[in-house]
Structure formats: C-alpha cells, structure tokens
Amino acid sequence: MNEALKQNLLDLDAAGLRRFFEEQGEKPFRARQLLRWVHHSGEGEFARMSDIAKPLREKLGRLARIEAPRIVGDTLAADGTRKWLLKVDAGNAVEAVFIPEMNRATLCVSSQAGCVLDCAFCSTGRQGFNRNLSTAEIIGQLWLARRLVETRITNVVMMGMGEPLLNLDHLIPALRLMLDDNAYGLSRRRVTVSTAGVVPQMDRLRDECPVALAVSLHAPNDELRDRLVPVNRKYPLRELIAACNRYLEKAPRDFITFEYVMLDGVNDADAQARELVQLASRIRCKFNLIPFNPFPGSGFERSSDERIRGFAGILQRAGLTVTVRKTRGDDIAAACGQLAGDVADRTRRSRARVPIKEIHA
Ligand code: SAH
C-alpha cells in the first residue's frame, strides 16, 4: 500500500484503535497492546513489538504506519528550555517547547499551523493561518519529546501555536491519549488547554474531555479586550465568564487560570487591576501574569518588573492568587507568544497594523 494511504496509528485514541483492529478482523484487545508499545514505550517500529505475533506485525506494516512530524530544528536555550521546529507538510512547520523546572517538566504543544484569532500582541497571529493539525501531529509532539528528553514529562499545556478549541475534533482524541493509562497516563489536572475564549467550544470541551482550563483574559473590560483579543467581539466578557462558571462544574480543578499579558501602558494600570478584581469576583480563578515577550514589529513593550509587582499586589490584597510567569527560553524565541513556526498563510492577513497605543491616543 502507498505509505500515505496507510492508517497513521498516532491518529487514533483507544476507541479508534479498537475500531481499527475490529475492521481488520483482529481482536480489540490488540488496541491496548499497541497503545502501550507506541505511547508508553515510544516504539515506532512494528518489527520490535515482541509480544505481537509476526504475521500480525507484518500485516500492520502493510496497513499502518507510526508517523510523527519531522524534526527540522532543535534549539536549546541557556535555561534548559528546548524548542523543536516540526515540519507537518511541505508548506508548514509548527513548534513545541520543553520546559524543565525543579519539580516538573512541561511540554507546550501546538494545535494549529498559524492561528485565525489575530490577538494584537501574539507573533503566531502575525503568521496568519493555514490549517488545523491532525491528532497525529498534536500527540506526535509529545511522542517525539518523550523519546528525546531524559526527564519525564509531567505536564502538557496546549499553549503553543493556534487556538486549540478551534480544532476540537483532532484535539480531543489527542487529549484522551494524554490521559490514557496505557498511553501517557497524565492526570486531568496536569493537562491544560488554553483558550482565547471561544465560548461554545468551552462547553464542548467540558462535556467531552474536561481538563484544566486557562483563559487568555488580558483585559478587564470589553472595550480594551475587543482590541487585544478580537474574538471578544463575538464572545464578550459576560458570556466568557458565564462559560467559565459552566466549565467549573466539571473541571478537574476548582478554579480557572486567567492569563494576563503585561503590556506597558496598555493594560497594566492600577485602575485596570481594580477593575480586574471586580471581574474576578464573579468566578473562582487564579491569575497568571505573563510579562510580554517582544518580537520584531510588535508595537508593544513589556511592563517593568516594578509595575508588574504593583499590579500583582492590588490583586493579591483583594485576596486573589497571582503568579508571575517566569520567562523561559526567550533567547531562542520559545517564550509565550514568540512561536511562529513556518506557516504558509492562507488568510493574506494584512501586516499593516495601527499600534494599539495610537488607537487609544
Ligand atoms: N490560543 C490559545 C493558546 C495560545 S497560549 C490562547 O490564546 O490561550 C499562548 C499564551 O501566550 C496566551 O495566553 C497568549 O495570549 C500569550 N501570548 C501571546 N503572545 C504573547 C507575547 N508576545 N508575550 C507573552 N504572552 C503572549
């Protein structure tokens, strides 16, 4: 069979694999065996799956393949952060980032080649959008990373390129593999999906595969959020907060994490922190302040450390839990909002922008 026509087993979660084996007239318990070989042991060759009889291994070789994206770049930052550039097709490459810390090691995974949401301060948005990643391309990032690093990966964050909730059909099987004891066996609390606030899909994730949720808030009111996170024009804060509250009914954690990028002179004033305290009174949440990571031509600057401390202090004195995200891997453009990969833009998004400060002036 033509390679490309073979079923890529990385595209299938446990249920999908069971169906695959049944369709081939094989016993469904083979699914568990395969899951353990492919995801638990990181095996990529049928020939080495020693407890599967040879005729079945050969049949699998004819019908199926185990194919992750191809690594075309591998960069190590001074702080141990490692970024891979992964080619997903002739025109597109995405990035995955490994972030080792004292007590955990996190993989930041991409969900799309590019992004349609066009948040004002994000370099992925500047690349335009090409397509959704397949389940194999999403889980393939974890599959590859696990084979390449010594440290056990304890956490996954869907915070790479793209809006994961706009690719739920492919994301959900990938999440199920992350959670499956026969695959990666991560707890729901250690898998985080981050969204700019696509409300209907927040409900779908809640119903089909609730994991920890982070929401990219970035502004305390609709007027500013409309400009920074344009999807807010479709799903304003009132609807977003309501969706967060619905999500909490099934979430593995009893709070939503609000990400808030600190942009000098844009969203970092004391008055905005106080407005945020008001907003936060409507939902159980924690705040993760992200110092803005610059990229060429962004038009924004990072708030000073002193300003970030002042802003955090107002939230904390109101009783909120606040962390400031440590900037990791910025020397290799692996920090939040710096992932650009290599996207063949199909949106022809205009690169001519009015800097946000001028809009407000
Ligand atoms: N689309 C999803 C997943 C991306 S997660 C989402 O918006 O949540 C990436 C996180 O980094 C988001 O919170 C995003 O808003 C933030 N981010 C984007 N650009 C950034 C930048 N230049 N500096 C710091 N954080 C940025």
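So, a few notes on the structure that sits alongside this text. Given the structure is predicted, the values throughout are model-derived calculations rather than measurements.

## Description of the site of the ligand
Surrounding the ligand, one finds 22 residues, the nearest of these being Phe121, Ser194, Ser216, His218 and Asn293. One of the backbone N or O atoms of Gly162 is found 3.1 Å from a nitrogen atom in the ligand. Within the side chain of His218, one N or O atom sits 2.6 Å away from an oxygen atom of the ligand. When the ligand sits alone it has 540 Å² of accessible area, and the protein chains cover 95% of it. Breaking the shell around the ligand down by element, the ones donating at least two residues are strand 10 (191-195), strand 12 (256-262) and strand 13 (285-291). Broken down by class, the residue content of the shell around the ligand amounts to 12 nonpolar, eight polar and two charged.

## Some remarks on helix 11 (residues 305-317)
Residue pairs spaced three or four apart in an α-helix point in one direction, given the helix's 3.6 residues per turn. For helix 11, built from 13 residues, the straight-helix expectation of 18 Å at 1.5 Å per residue is met to within 8% by its first-to-last C-alpha distance of 18 Å. All buried positions along helix 11 are accounted for by Ile308, Phe311, Ala312, Gly313, Ile314 and Leu315. Structurally, helix 11 contributes buried residues whose contacts are with strand 12, helix 10 (270-280), strand 13 and strand 14 (321-324). Downstream of helix 11 by one or two residues, Gly319 has phi in the positive range, about 95°.

## Details of the pattern of salt bridges
Under the defined criterion, the tally for this structure stands at 20 salt bridges. Between Arg206 and Glu249 there is a salt bridge whose closest N-O contact spans 2.6 Å. One end of the pair, Arg206, is in helix 7 (residues 199-208); the other, Glu249, is in the loop between helix 9 (237-248) and strand 12, and 43 residues separate them in sequence. Judged by its relative accessible area of 14%, Arg206 falls in the buried class. It is possible to trace a salt-bridge network through shared partners that takes in Arg206, Asp207, Glu249 and Lys250.

## Regarding the sheet that holds strand 3 (residues 70-76)
Judged by pairing direction, the sheet is mixed, and its 10 strands sit side by side in the order 3-4-5-6-9-10-11-12-13-14 without closing on themselves. Two strands close off the open sheet at either side, each with one partner strand: strand 3 and strand 14. Neighbour-to-neighbour, the strand axes of this sheet turn through a mean angle of 20°, independent of strand direction. With three bridges connecting them, strand 6 (residues 105-108) and strand 9 (residues 155-158) associate as parallel partners.

## Comments concerning the pairing of strand 13
For strand 13, the buried fraction is high: six of the seven residues fall into the buried class. Across seven bridges, the pairing between strand 12 and strand 13 is parallel. In the sheet register, Tyr260 faces strand 13, and the bridge partner there is Leu289. For the crossover that starts at strand 12, traverses helix 10 and ends in the parallel strand 13, the hand is right-handed. Here strand 13 pairs with strand 14 via four bridges, running parallel. Its bridge partner lying in strand 14, Phe287 is registered against Val322. Taking the sense of rotation as the criterion, the β-α-β connection linking strand 13, helix 11 and strand 14 turns out right-handed.

## A closer look at the packing of helix 7 against helix 9
Orientation of helix 7 relative to helix 9, taken along the N-to-C sense of each, is 0°, at an axis distance of 9 Å. In terms of their interaxial angle, helix 7 and helix 9 are classed as roughly parallel. Each of Val199, Met202, Asp203, Leu205 and Arg206 in helix 7 lies in contact with helix 9, whose residues at this interface are Glu239, Leu240, Ala243, Cys244, Arg246 and Tyr247. A class-by-class count of the residues in the contact of helix 7 with helix 9 yields seven nonpolar, no polar and four charged.

## Digging into the packing of helix 6 (residues 168-179) against helix 7
Here helix 6 crosses helix 7 at 30°, and the two axes come no closer than 11 Å. On the basis of their axis angle, the class for helix 6 and helix 7 is roughly parallel. Between helix 6 and helix 7 lies a crossing whose hand is right-handed. Residues Leu168, Asp169, Ile172, Leu175 and Arg176 of helix 6 form the contact with helix 7, whose participating residues are Gln201, Arg204, Leu205 and Glu208. Residue classes in the contact of helix 6 with helix 7 are distributed as four nonpolar, one polar and four charged.

## As for the pairing of strand 5 (residues 92-100)
The element strand 5 is extensively covered by neighbouring structure, given that eight of its nine residues are classed as buried. Pairing of strand 4 (residues 82-89) with strand 5, which is carried by seven bridges, proceeds in the antiparallel orientation. Bridge assignment links Lys83 to a residue of strand 5, and that residue is Val97. Two successive antiparallel strands, strand 4 and strand 5, enclose a turn made up of two residues. Taken together, the four bridges between strand 5 and strand 6 define a ladder with antiparallel strand orientation. Paired with Pro100 across the strands is Ala105, a residue of strand 6. In this antiparallel pair of consecutive strands, strand 5 and strand 6, the connection spans four residues.

What counts, and where the lines are drawn
- Residues numbered from 1 in each chain as written.
- Predicted model: local features only at pLDDT ≥ 70, side-chain atom pairs only at ≥ 80, totals over all residues.
- Heavy atoms only, no water.
- Near = heavy atom within 4 Å.
- Polar contact = N/O pair within 3.5 Å; in protein donor to acceptor, adjacent residues only side chain to side chain.
- Areas by Shrake-Rupley, 256 points an atom, 1.4 Å probe, with all protein chains shown as cover.
- Helix = DSSP H or I, 4+ residues; strand = E, 2+ residues; numbered from the N terminus.
- Nonpolar A, V, L, I, M, F, W, Y, C, P; charged D, E, K, R; others polar.
- Expected span 1.5 Å × (residues − 1).
- Buried < 20%, exposed > 50% of the residue type's maximum accessible area, 1.4 Å probe, protein only.
- Contact = heavy atoms within 4.5 Å.
- Salt bridge = Lys/Arg side-chain N within 4 Å of Asp/Glu carboxyl O.
- Pairing = 2+ DSSP bridges.
- Axes fitted to C-alpha atoms, helices over the stretch in contact; angles between N-to-C directions.
- Right-handed = clockwise from strand over helix to strand, strands pointing away.
- Parallel < 35°, antiparallel > 145°, perpendicular 65-115°, else oblique.
- Left-handed = near helix turned anticlockwise from the far one by under 90°.

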